[in-house]
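# Structural overview for review
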Amino acid sequence: MLAAAQKDEKKDQALKNLVGHPQTGRDCPFTLLNSPISHTQYPYVTGTSVLGIKYKDGVLLASDMGGSYGSTLRYKSVQRLKPIGKHTLLGAGGEISDFQEIVRYLDELILYDNMWDDGNSLGPKEVHNYLNRLMYNRRNKFNPLWNTLVLGGVKNGQKYLGTVNMIGVHYEENHVATGFGNHLARPIFRDEWHEDMTFEEGVKLLEKCMLVLLYRDRSAVNKLQIAKITEEGATISEPYAIKTHWELEAFKNPATGAVGSW
Amino acid sequence: MDMDWMNAPHSMGTTIIGVTYNGGVVLGADSRTSTGMYVANRASDKITQLTDNVYLCRSGSAADSQVVSDYVRYFLHQHIIQLGQPATVKVTANLIRLLSYNNKNTLETGLIVGGWDKYEGGSIYGVPLGGTMLQLPFAIGGSGSSYLYGFLDQAWKEGMSKDEAEALVVKSVSLAIARDGASGGVVRTVVINSEGVTRNFYPGDKLPLWHEELPLRNSLLEEASSEAEPMHP
């Protein structure tokens, strides 16, 4: 009787000592389970906003190259925009390791599609649908891929831009944004986006939004890439940085009107 | 209550670093393994060999990092038998990534893979918590790395020589040890290039002194250097 009680205590102690994370369930060996397995998760290395707009010749995507580790801006050269096959571009915010895995799934999908060698190729609509199924199924198993994805592409003259996130919410639009971009960039898009923008107009609009994000999003870094997809194919720009503006008179002595304030 | 440290898992608080230079890589680490507040091992070797030409810097849970490195060494060995030539650093890093990513809910270990192969020369891959894999010109990890971001932002330069790279690694780990309670002991380095592998050992008393640190001496009764005056009866 006493031996059994001691054994239970040892099991409890062992369970408590398992390395765990602040989440609703934790993985542990089957032999120590007292309740059903549940996963959920916890993001570690994360990317911030991705922006996307349709323009005259196709779709433009923009993101920075930051990989944050909590509040630390740990990695500053992370590629968050990737070409998928000939017709699509994918951008991601959220956990970078999950994005890297998604790109591997998609590369495999495109490979098998090419191996049919039948002249057909997966377009952005199909890739978006695949990703939606992937993300939603993982969500149903309480083991999500912790990302918000932006998918843009052109096929047979048809422009496509959509988004799908970790809980499976998905839609198409003329302009999309993830993360902080939802709050800061989309209002600017609603005001300034119009049908058939030129490439230059599109880039200027995206850069305007990226600048706002640089000022107001703590996890933004000043190293951006803009990606373009047209009927001809996909191009991702070299990383570059944009100028920020600090020479406003009001910034030089902000507390003049109210000493001690900020 | 107070006895919690006896049951706390072995964690290598740690400072680990890997740096590329023109010709190869230099890996560096401290040597402290702690169980809660107690230093379980003051001379650990956190730079583990995976193959002749690829090494791994381990941080976080000692158990998790050891088991991951053991699995990868086992898989790599079989891969090499089949391949018929030395493994590449990229393949090794991807094996590390697979284990870290697919077991992300159970594992708590941040790793740096460094080595030399005939295709890419020297390369460094960081595999932090979660299983992201990133090829980098240099990588830092462990609790001590927090104190090195600013230092390396300033001190890191492209195209260093082997000696410059090793000096930078030793200086970095030494600075981290000065401020991180979870890092300490000796600085170990491993240099990997086309000629082979060299292990170096820098004991605590051979490291530079930083702010508020005093020169070491045998006793109050003896001199350390010309600045200190020994006490006399």
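Scoring rules and cut-offs
- Residue numbers here run from 1 along each chain, matching the order of that chain's written sequence.
- Here chains are named by letter from A upward and ligands by number from 1 upward, in the order in which they appear as written.
- Reporting of local features is limited, given that this is a predicted model, to residues whose pLDDT is at least 70; pairs of side-chain atoms are given and counted only at 80 or more, and all residues count toward the totals for whole chains, interfaces and linings.
- The basis for the side-chain values is all heavy atoms of the structure; hydrogens and waters are excluded.
- UniProt positions are given in the numbering used here, feature names are shortened, and annotations may be inferred rather than shown by experiment.
- Just to be clear on terms, a salt bridge is a Lys or Arg side-chain nitrogen sitting within 4 Å of an Asp or Glu carboxyl oxygen.
- Burial here depends on accessible area, computed with a 1.4 Å probe over protein chains only, as a share of the maximum for the residue type. Under 20% is buried, over 50% is exposed, and the range in between is partly exposed.
- Strand pairing follows a simple DSSP-based rule, namely that at least 2 bridges must link the two strands.
- Put simply, DSSP H or I for four residues or longer makes a helix, DSSP E for two residues or longer makes a strand, and each gets a number counted from the N terminus.
- Residue contacts are counted whenever heavy atoms from the two residues lie within 4.5 Å of one another.
- By convention, the term buried area covers the 1.4 Å-probe accessible surface removed from two parts as they join, with the contributions of both added.
- Polar contact criterion, stated in full: a pair of N or O atoms within 3.5 Å, where within protein one must be able to donate a hydrogen and the other to accept it, and residues adjacent in sequence count only if both atoms are side-chain atoms.
- Asp, Glu, Lys and Arg are counted as charged, while Ala, Val, Leu, Ile, Met, Phe, Trp, Tyr, Cys and Pro are counted as nonpolar; the rest, among them Gly, fall into the polar class.
- Only buried residues count toward a nonpolar core. Its members are Ala, Val, Leu, Ile, Met, Phe, Trp, Tyr and Cys residues joined through side-chain atoms within 4.5 Å.
- Every axis corresponds to a line fitted to the C-alpha atoms, with the helix fit spanning only the stretch in contact, and the corresponding angles, defined between N-to-C directions, vary from 0 to 180 degrees.

Labelled according to an unreviewed UniProt entry, chain B appears under the name Proteasome subunit beta, originating from Picea sitchensis. As stated in UniProt under Catalytic activity (unreviewed entry), the record for chain B gives "Cleavage of peptide bonds with very broad specificity." Under the Subunit (unreviewed entry) heading, UniProt states for chain B: "Component of the proteasome complex."

Within an unreviewed UniProt entry, the label attached to chain A reads Proteasome subunit beta, and the organism entered is Picea sitchensis. Recorded in UniProt under Function (unreviewed entry), the annotation for chain A is "Non-catalytic component of the proteasome."

The next thing to look at is the pattern of salt bridges. Residues and elements named next belong to chain A. A full pass over the atoms with the stated rule returns eleven salt bridges over all chains. Of the charged contacts in the structure, one is a salt bridge between Lys-252 and Glu-247, with a shortest N-O distance of 3.7 Å. Looking at Lys-252, the relative accessible area reads 45%, which means it is partly exposed. In this structure, a network of salt bridges that share partners links the residues Glu-247, Glu-249 and Lys-252.

This next bit is on the pairing of strand S5 (residues 72-75) of chain A. Residue and element names in this part refer to chain A. Judged from the two bridges that link them, strand S4 (residues 67-69) and S5 form a sheet pairing that is antiparallel. Following the sheet pairing, Gly-67 is matched in S5 by Tyr-75. From the end of S4 to the start of S5, which pair antiparallel, there are two residues, and Gly-70 there has a positive phi angle of about 70 degrees.

This next bit is on the interface of chain B and chain A. Taken together, the contacts link 20 residues of chain B with 22 residues of chain A. Carbon and sulfur atoms supply 49% of the area buried between chain B and chain A, which totals about 2,100 Å² over both sides. Here chain B is connected to chain A by two salt bridges. One salt bridge connects B:Lys104 with A:Asp98, and the closest N-O pair in it is separated by 3.2 Å. Between the two partners, chain B and chain A, sit ten residue pairs in polar contact (both at pLDDT 80 or more). Looking at the side of chain B that touches chain A, the elements that each hand over two or more residues are helix H3 (89-102), strand S10 (134-136) and strand S11 (138-141) of chain B. Sorting elements by how many residues they give to the side of chain B that touches chain A places H3(B) first, with three residues. Class assignment for the residues of the side of chain B that touches chain A results in nine nonpolar, eight polar and three charged.

This part is about the nonpolar core. All names here are of chain A. Core analysis: the biggest nonpolar cluster contains 23 residues, and Leu-51, Ile-53, Leu-60, Phe-189, Leu-205, Leu-206 and Met-210 have the highest contact counts within it. Counting residues per element, the ones that place at least two in this core are strand S2 (50-55), strand S3 (58-64), helix H5 (186-192), helix H6 (199-216) and strand S12 (224-230). The biggest single contributor to this core is H6, with eight residues. Excluding residues within four positions of it along the chain, Ile-53 makes contact with Gly-58, Val-59, Leu-60, Leu-161, Asn-174, His-175, Phe-189, Trp-193, Gly-202, Leu-205 and Leu-206.

Next up on the list: unusual backbone geometry. One non-glycine residue, A:Phe142, lies in the positive phi region at around 55 degrees. Inspection of the secondary structure puts A:Phe142 in the loop between helix H3 (124-140) and strand S8 (147-155).

Residues and elements named next belong to chain A. Here five strands make up an open sheet; going across it, the order is S11-S2-S3-S12-S13 and the pairing antiparallel. Among the strands making up the open sheet, the edge pair consists of strand S11 (175-177) and strand S13 (233-236). Pairwise comparison of adjacent strand axes, ignoring direction, gives a mean angle of 10 degrees for this sheet. Sheet topology note: the S2/S11 ladder contains three bridges and is antiparallel. Paired with Ile-53 across the bridge in S11 is His-175. Its contacts with the sheet put H6 on S2, S3 and S12, and the angle it makes with S3 is roughly 25 degrees.

The next point concerns the pairing of strand S7 (residues 54-61) of chain B. Residue and element names in this part refer to chain B. Burial runs high along S7: eight of the eight residues are buried. Pairing between strand S6 (residues 47-49) and S7: three bridges, direction antiparallel. Among the inter-strand pairings, Ile-47 is bridged to a residue of S7, identified as Cys-57. Linking two consecutive strands that pair antiparallel, namely S6 and S7, is a turn of four residues. In terms of strand pairing, S7 meets strand S8 (residues 109-117) through seven bridges, oriented antiparallel. Looking at the pairing, Ser-59 lines up with Gly-110 of S8.

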